[in-house]
Amino acid sequence: MNRFFVPLCLSLVLLLPGCSTVDFDAEKSTSHVLEDTDNTRLGKAVAPGIVAHPGQSGFHLMTESIDALAARLLLAELAERTLDVQYYLIGDDPIGDVFFTSLLRAADRGVRVRLLIDDLGTVGLEDDLMALSDHPNIQLRLFNPFASRALRAFDAWDFRRLNRRMHNKSFTVDNQMTIIGGRNIATEYFALNPDYNFGDLDTLAIGPIVTETSRMFDSYWNHERAVPFRQLSHQQHDDGKRLDTIRESYQDNLEALRSTGYGDAVKVSYDDYLGSDLGLYQWANYELVFDSPDKNLIEQSATADSIRTPLAESILGAKESFVLISPYFVPRKSGIEAIAKMQDEGIQVDVVTNSLASSDHLLVYGGYSPVRKPLLEHGVRIYEIRGDLDIAGTEHAGTRGSKSSLHTKAFIVDRQYFFMGSFNWDPRSAFINTELGVIIDSKEIAAPLADSLISSAPESSYEVFLNERGKLRWRTVEAGEELILDQEPDTGFWTRFFGAMSRLLPIESQL
């Protein structure tokens, strides 16, 4: 029997390309942002601020998970005309259910919902997506989708295409308010995961940046890689049974969450936002920065408009200081040289990233760990976030004590320019995935954030340094006492072993 096995497997592999393809040329409708929304409730609310600050946009940073969830739920509830929603990941979990419920409620009121999700993270959501796409006011598209819906391994032959993902995150309501930043939609981004939770950052924004975000969304929505879900699922009409079933399931989950302390905390934050005014926002000049969706096309990725260009211009303009916050910090040789050169020229460079204990990607550690010593030798300061921090919101969710991890992607130049968004300092964000963010020109925003990061670093992180023999050591403060550690903190032997082994894998370009 063995003599038939290998030829059979080879035959199956050869057949897969023929039976697992996506028709990117199939006809689909084109749609665009609705711009006549000034008379909506949100339009009237933001108009005075826009008139008072011509050319600028207003920003409200959301560092706390519960606030970030409450803001999304409130904006969905206030939507009157449109909801344009773009995410890399929406979880098959309680937060994903609550989020989908908010979109359904808006669609039920007649709001046009355009939902664009990267297809990599939709495993387990197929039934939900079929039900949602049955709603007449919900248009659902998957970005760069898998052809094989039931068994994605069948698409392995198409790895080069599927390796390129849409990492953007935006949530835009009535073309009047938007939320952009680093958070996806899942329990770990909103302090509700029992095993691990992320410290992350979003901004609620108003003003001209909203229209720019809407146009960015349009470019992705109408791109050839954004495929209508119905084309992929070939679902048959079922008289609304799927939608009724999922609606009932969502409602049960929503009621269960409402009856918890976490639900109470979200309600308090929701009411606070509902009663807020334009004093919530810091107005500033800005630049919305993002990759062209053409970056997803292998043959056009090298020439497509890139977020790297404005980010590099901002960083290279530094004169005094550069603070980089990135959960996944994997600079290539040229990046190491550029950072070292900044430090040598008198620009103080501080890097905040995950420790081995807090990292959620062991392979990324393998790409990061070798860069520490050469940067430290030039005077760069490196702070690795502890894995035992209490993420705000976990006290309400009953998840305090879960592992914590940094997920914020940001940088601060000269305490004046502040970038935040989805861009990690790694090859994947730079050359493979598409990304989105904003550079804000505001000392009022940037300087306090820089001060807070550095002042909290002794207790919230391990400062990596070289001892007199040039060996890596870690410094932290516990109960007011300084501790010096001579190995990767808060890790066991096997974690350190596999972390060390990961350095040997030739996958740096994919990290």
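Everything here concerns the structure above.
Residues numbered from 1 in each chain as written. Predicted model: local features only at pLDDT ≥ 70, side-chain atom pairs only at ≥ 80, totals over all residues. Heavy atoms only, no water.

**Re the pattern of salt bridges**
Right, so step 1: Evaluated as defined, the whole model comprises 32 salt bridges.
Right, so step 2: With its nearest N and O atoms 2.8 Å apart, the salt bridge here joins D271 to K267. Taken together, the residues span about one helical turn, with D271 and K267 both in helix α10 (residues 261–274) at a distance of four residues.
Right, so step 3: Note on D271: relative accessible area 37%, which makes it partly exposed.
Right, so step 4: What makes K267 partly exposed here is its relative accessible area of 47%.
Right, so step 5: A salt bridge links E345 to K341, with the nearest nitrogen and oxygen atoms 2.6 Å apart.
Right, so step 6: Put simply, D119, E126, R149 and R152 are held in one network by salt bridges that share partners. (Salt bridge = Lys/Arg side-chain N within 4 Å of Asp/Glu carboxyl O. Helix = DSSP H or I, 4+ residues; strand = E, 2+ residues; numbered from the N terminus. Buried < 20%, exposed > 50% of the residue type's maximum accessible area, 1.4 Å probe, protein only.)

**Some details on a nonpolar patch on the surface**
Right, so step 1: A surface patch of nonpolar side chains, about 740 Å² in accessible area, is lined by L362, F493, W494, F497, F498, M501 and L504.
Right, so step 2: Ranked by residue count, the leading element in the nonpolar patch is helix α18 (residues 493–502), at five residues.
Right, so step 3: Of note, W494 is situated in helix α18. (Patch = residues over 30% accessible without salt bridge, like charges linked within 9 Å, V, L, I, M, F, W, Y side chains within 5 Å. Areas by Shrake-Rupley, 256 points an atom, 1.4 Å probe, with all protein chains shown as cover.)

**Some remarks on unusual backbone geometry**
Right, so step 1: One non-glycine residue, D174, adopts positive backbone phi at about 55 degrees.
Right, so step 2: Note that D174 resides in the loop between β5 (170–173) and β6 (177–181).
Right, so step 3: Residue D174 is classed as buried on the basis of its relative accessible area of 0%.
Right, so step 4: Positioned with a positive phi, D414 is a non-glycine residue whose angle comes to about 55 degrees.
Right, so step 5: For D414, the position within the fold is in the loop between β15 (410–413) and β16 (417–421).

**A short note on the nonpolar core**
Right, so step 1: Counting residues in hydrophobic clusters, the biggest one holds 69 residues, and the most contacted among them are L83, F100, L129, F171 and Y262.
Right, so step 2: For this core, the element with the highest residue contribution is helix α3 (residues 65–78), accounting for ten residues.
Right, so step 3: In contact with F100, not counting residues within four places along its chain, are I90, L115, L125, L129, L132 and Y250. (Core = buried A, V, L, I, M, F, W, Y, C linked by side-chain atoms within 4.5 Å. Contact = heavy atoms within 4.5 Å.)

**Describing helix α4 (residues 94–108)**
Right, so step 1: If you check α4, its first and last C-alpha atoms are 21 Å apart, about what 15 residues at 1.5 Å a residue would give, namely 21 Å.
Right, so step 2: Burial analysis of α4 places twelve of its 15 residues in the buried class, which makes it a mostly covered element.
Right, so step 3: Among the residues of α4, those classed as buried are I95, G96, D97, V98, F99, F100, T101, S102, L103, L104, A106 and A107.
Right, so step 4: Residue D93 occupies the N-cap position of α4, its side-chain oxygen lying 3.1 Å from the main-chain nitrogen of I95.
Right, so step 5: Following α4 by one or two positions, G110 has its phi on the positive side, about 100 degrees. (Expected span 1.5 Å × (residues − 1). Polar contact = N/O pair within 3.5 Å; in protein donor to acceptor, adjacent residues only side chain to side chain.)

**Structural notes on helix α11 (residues 308–316)**
Right, so step 1: For α11, every residue scored as buried is listed here: P310, L311, S314 and I315. Buried residues in α11, looked at end-on, bunch into an arc of 130 degrees, giving them a common side. In α11, those exposed residues whose orientation departs by more than 90 degrees from the buried face are E313 and L316.
Right, so step 2: Residues of α11 that are buried in the fold lie against β10 (282–290), β11 (321–325), α12 (333–344), β15, β16 and β17 (436–441). (Arc of directions from axis to C-beta.)

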